[in-house]
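Spelled out from the first residue to the last, the chains are:
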Amino acid sequence: MSEQQQGCELDQDQFCCPICLDILKEPVTLQCGHSYCGSCIEGYWDHEDTGVYCCPQCRESFSPKPVLRKNTLLAELVMKLSSTAAQQSPAASAAPLYAGPADVACDFCTGARRRKALMSCLTCLASCCETHLQPHYNVPVLKKHKLVPATDKLQEKMCSSHNKLMEVFCRTDQQAICYLCTMDEHKGHDTVSAAAEKAEKQKQLVTSQEEVQQKIQEKKKELKDLRQVLEGLNRSADASVETSDRIFSEMMVSIQRRRAELKQLIRDQQQNAVSQTEALLRQQEQTLDQLERRHAELEELSNTEDIITFIQSFQSLSSSTGSPVSPSVVVCPLRSFTDVTDVVSGLRDQLDNILTTTWPQISNRVCAVDVDDPAEPQTRKDFLQYSCPLSLDINTISRDLSLSEEKRKVTRTRQQQPYPDNAERFVQYAQVLCTEGLSERRYWEVERSGARAYIAVCYKDTNRRACFGYNDKSWSLRCDSNGYWFRHNSVGTKVSGPVSSRVGVYLDHKAGTLSFYSVSDTMPLLHTVQTTFTQPLYPGIGLWAYGATAELCKTW
């Protein structure tokens, strides 16, 4: 480096702002003689905001606040200095020479500002700028030093005990150490060079990368499949909506057409009936007129006093046409189209009943379209992830059962319990339902003792006088000391399997699956039901023998 360049560097240091440490911009000089960037000193005073204005270097205070004026001479010198430096070192002017807040500073530079380090030496444990790095390229001894890109974490590479570079890795303690550590606290440990450990870890890294890459490919395939599923779902849903809308439109058109036909049929029948009635009315009116005229003639004859005239007139009237005769009419005041209205009302009720009966099936079909369809549980751990808090409902419990305080255990007793009257209560069999209705994937376990217990599920409106399993709204597993029986709608099935005091129940409401298991690590299946559930299911317990107990196990 030439003396002229060194002088240029010295001049640059002298013309730096003490606040921002950069070349002065719009320099101003205070009364004490120190110079700053105009914006820097203003910002300094605004930040302090103490009402006292002082020089950041000599701490001389000023009152009132000094009026800052640009130092024209200093500004021209700074401008000429910058131009000269740019001409002498175009590359240096294009790239930052000094270390910023995010840069690593050279450890050999002195002055207010240090240059930006380019490399760090792991042997010298120092970072060097371009100028101070030259000896590592020229001096033979320094050429053997290991250089790495500039880093501010050199101290992290030093052993805190011996202040030596950590070049050894202790596999026993899984930590980096220096070579002196191998003679002290890590003596006798399994140690290798850091480079050897890196090579070993590099192999593991390659394996991990391959595994990750394989998983990436698998995930890409899954994403592709999911996108295809998504597109298929959208197409299927759109087509289903369109088809369903068309079918409902056709139904409405058909109903509208039948409505118009019925309306026209009623009007035509009305016109015919009205025409017939009006004709009959005219006929009867004419007959009535004739009868009234004859009545008047007879009345006039009855008032005739002349005997001869009376006899002659009577003979004349007697020889004339007799009283007018017309068909008799039976008028029915209830004759109307009411019967038609009743039939139409019946049709409406039938349609409502069909829609009410069919809608749950339609709804279940819609809800069955599910992308996220987890695999069926295999182990007890798998089942337990579907556990849910359950409690027995005191409003449904039979008076033959005693309920524990935590509402999870019941005991069959001889003494009737003083439960209040309730329409929800079982009155003939010692049974009880849970408070919670289940309509998702759920799992629970029941621990029993004594002879015969019923572990069941049922709809909320099940018959309170029926035993579990003896109607179409309940499903029950009867547990005896020698085996099991499953029953639904009074149809019983013998169930084989290991007898256990604890039975697990797994419900997949959406899939219509109800399964009973003998609880163990392997979870042997006792019985499975495949059906369509149209309402939430309530777990239930029934006991047969006095003194028998059953408890909802706390698996959640």
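Counting starts from 1 at the beginning of each chain's written sequence and moves along it residue by residue. Given that the model is predicted, a residue must reach a pLDDT of at least 70 before its local features are reported, and side-chain atom pairs must reach 80 or more before they are shown or counted; all residues, however, enter totals for whole chains, interfaces and linings. For the side-chain quantities, the full set of heavy atoms in the structure was used; hydrogens and water were omitted.

Can you walk me through the overall build of the protein in this structure?
Scanning the protein from N- to C-terminus turns up 10 helices and 23 strands. Summary of the burial criterion: residues with accessible area below 20% of their type's maximum are buried, those above 50% are exposed, and those between are partly exposed, where the area comes from a 1.4 Å probe applied to protein chains only. Residue burial in the protein is summarised as follows: out of 556 residues, 29% are buried. Every residue pair with non-hydrogen atoms within 4.5 Å of one another is taken to be in contact. Pairs at least 24 residues apart make up 53% of the contacts formed inside the protein by residues separated by at least 6 positions. Summed over all atoms, the accessible surface of the protein reaches about 36,100 Å², with 52% contributed by carbon and sulfur. Starting at the N terminus, helices and strands are each numbered in turn, a helix being any DSSP run of H or I of at least four residues and a strand any DSSP run of E of at least two. Accessible surface is estimated by sampling points in the Shrake-Rupley manner with a 1.4 Å probe; for residues, cover comes only from the protein chains shown.

Explain the side chain of Asp-400 here, please?
When you line up the elements, Asp-400 lands in the loop between helix H10 (380–384) and strand S11 (401–403). Of the side chains bearing the opposite charge, Arg-412 lies closest to the buried Asp-400, which forms no salt bridge; the N-O distance is 4.3 Å. Here Asp-400 is in contact with Thr-411, Arg-412, Thr-413, Gln-416 and Ala-430, once residues within four sequence places are set aside. Neither His nor the chain ends contribute to the count of charged residues, in which Lys and Arg are positive and Asp and Glu negative. Put simply, a salt bridge is a Lys or Arg side-chain nitrogen that is within 4 Å of an Asp or Glu carboxyl oxygen.

Looking at this structure, how should I read the nonpolar core?
A general feature of soluble globular proteins is that nonpolar side chains tend to end up buried together. Counting residues in hydrophobic clusters, the biggest one holds 38 residues, and the most contacted among them are Val-410, Trp-444, Trp-475, Leu-477, Leu-514 and Phe-516. In contact with Leu-477, other than residues within four places in its own chain, are Ala-453, Tyr-454, Ile-455, Tyr-484, Trp-485, Phe-486, Val-495, Val-503, Phe-516 and Leu-526. Among the nonpolar cores identified, the runner-up in size contains 16 residues, and Phe-15, Val-28, Trp-45 and Leu-74 belong to it. Only buried residues count toward a nonpolar core. Its members are Ala, Val, Leu, Ile, Met, Phe, Trp, Tyr and Cys residues joined through side-chain atoms within 4.5 Å.

How do you make sense of unusual backbone geometry when you look at a structure like this?
Generally, phi is negative for residues other than glycine and the peptide bonds are trans, each holding for most cases. A positive phi is found at Arg-59, a non-glycine position, where the angle reads about 65 degrees. Locating Arg-59 in the fold gives a position in the loop between strand S3 (53–54) and strand S4 (61–62). When its relative accessible area of 48% is taken as the criterion, Arg-59 is described as partly exposed. Although it is not a glycine, Leu-125 sits at a positive phi angle of roughly 55 degrees. One can find Leu-125 in the loop between strand S5 (119–121) and strand S6 (126–128). By relative accessible area, which is 26% here, Leu-125 ends up partly exposed.

Honestly, the packing of aromatic side chains in this entry has me stumped. Any pointers?
Two descriptors summarise a pair of aromatic rings, namely the distance from one centre to the other and the angle between the planes of the rings. Here the aromatic set is Phe, Tyr and Trp, taking the six-membered ring for Trp, and pairing holds for ring centres within 6.5 Å; pairs whose planes are under 30 degrees apart are stacked, those over 60 apart are edge-to-face, and all others are tilted. For the structure shown, the criterion picks out 10 aromatic pairs. Ring geometry for Trp-45 against Tyr-53: centres 5.5 Å apart, planes inclined by 70 degrees, an arrangement best described as edge-to-face. Centroid distance Tyr-459 to Trp-475: 5.5 Å. Interplanar angle 80 degrees. Geometry classified as edge-to-face. A residue pair is termed long-range when its members are at least 10 positions apart, and Tyr-459 in the loop between strand S15 (453–458) and strand S16 (474–480) and Trp-475 in strand S16 qualify at 16 residues. With a relative accessible area of 6%, Tyr-459 lands in the buried category. Look at Trp-475 and you get buried, because its relative accessible area is 4%. A connected cluster of aromatic rings, assembled from ring pairs, spans Phe-383, Tyr-386, Tyr-443, Tyr-506 and Tyr-517. Working rule: Lys NZ or Arg CZ, within 6 Å of ring centre, within 35 degrees of ring normal, means a charge sits over the ring. One Lys or Arg, Arg-115, reaches over the ring of Tyr-98 and ends 5.8 Å from the middle of that ring. Seen from the ring of Trp-544, Arg-452 lies directly overhead, with NZ or CZ sitting 5.2 Å from the centre.

Honestly, a nonpolar patch on the surface in this entry has me stumped. Any pointers?
Like-charged residues are merged into a patch within 9 Å and nonpolar side chains (Val, Leu, Ile, Met, Phe, Trp, Tyr) within 5 Å, provided each residue has over 30% relative accessible area and no salt bridge. Taken together, the side chains of Ile-247, Phe-248, Met-251, Met-252 and Leu-355 define a hydrophobic patch exposed on the protein surface, amounting to about 470 Å² of accessible area. Here the nonpolar patch takes 4 residues from helix H7 (residues 194–302), the largest share from any one element. Structurally, the position occupied by Leu-355 is in helix H9 (residues 338–367). Note on Leu-355: relative accessible area 47%, which makes it partly exposed.

In this structure, what is going on with the sheet that holds S5? I would like to understand it.
Sheet strands pair by backbone hydrogen bonding; their relative direction is either parallel or antiparallel. Pairs of strands are assigned from DSSP output, requiring at least two bridges between the strands. The strand order across the open sheet formed by 3 strands is S6-S5-S7, and the pairing between neighbours is antiparallel. What marks the edges here is a single partner per strand, and that holds for S6 and strand S7 (147–149). Pairwise comparison of adjacent strand axes, ignoring direction, gives a mean angle of 35 degrees for this sheet. Of the pairings in the sheet, the one linking S5 to S6 comprises 3 bridges and is antiparallel in character. For Cys-121, the partnering residue across the bridge sits in S6 and is Ala-126. Working convention: axes come from line fits to C-alpha atoms, limited for helices to the stretch in contact. Angles between N-to-C directions cover 0 to 180 degrees.

Looking at this structure, how should I read the confidence of the model for the protein?
Reading fine detail from the predicted coordinates is not recommended where pLDDT is low. pLDDT: the predictor's confidence for each residue, scored from 0 to 100. With 89% of its residues at a pLDDT of 70 or more, the protein shows a mean pLDDT of 85. Residue range residues 1–10 is modelled with pLDDT below 50. Its contacts to residues more than four positions away, or to other chains, number 9 contacts.

Sorry if this is basic, but what is going on with the pairing of strand S14 (residues 441–449) here?
Residues in a regular strand project their side chains so that they alternate between the two faces of the sheet. Relative to strand S19 (residues 502–508), S14 is paired through 7 bridges, and the arrangement is antiparallel. Among the inter-strand pairings, Glu-445 is bridged to a residue of S19, identified as Gly-504. Bridge count between S14 and strand S23 (residues 549–552): 4 bridges; the pairing is antiparallel. Directly across from Val-446, in S23, lies its bridge partner Leu-552.

Any chance you could explain the environment of Met-119 here in plain terms?
Its location among the elements puts Met-119 in strand S5. Along the primary structure Met-119 and Leu-133 are separated by 14 residues, whereas in three dimensions their C-alpha atoms are 7.5 Å apart. When residues no more than four places from it in sequence are discounted, the contact partners of Met-119 are Ala-126, Ser-127, Cys-128, Leu-133, Tyr-137, Leu-147, Val-148, Pro-149 and Ala-150.

Help me understand the environment of Asn-71 in this model?
Take Asn-71: it is sitting in the loop between S4 and helix H3 (72–88). Residue Asn-71 is classed as partly exposed on the basis of its relative accessible area of 23%. For Asn-71 and Tyr-36, which are 35 residues apart along the polypeptide, the C-alpha to C-alpha distance reads 9.8 Å. The contacts of Asn-71, once residues within four sequence positions are left out, are Pro-27, Val-28, Thr-29 and Ser-35. In protein, a polar contact means a hydrogen-donor-capable atom and an acceptor-capable atom, both N or O and within 3.5 Å, with residues adjacent in sequence counting only if both atoms are side-chain atoms; elsewhere, any N or O pair within 3.5 Å suffices. Reaching out from Asn-71, the side chain makes a polar contact with the backbone nitrogen of Leu-74 at a distance of 3.1 Å.

Could you clarify how one ought to interpret the sheet that holds strand S18 (residues 491–495) in this entry?
A sheet is described by the order of its strands in space; here 6 strands give the open sequence S13-S22-S15-S16-S17-S18, paired in antiparallel fashion. The sheet is open, and its two borders are formed by strand S13 (431–433) and S18, each paired with just one other strand. On average, adjacent strands in this sheet sit at an angle of 20 degrees to one another, irrespective of strand direction. Relative to strand S22 (residues 538–543), S13 runs antiparallel, the two sharing 3 bridges. Bridging across to S22, Gln-431 finds its partner in Gly-542.

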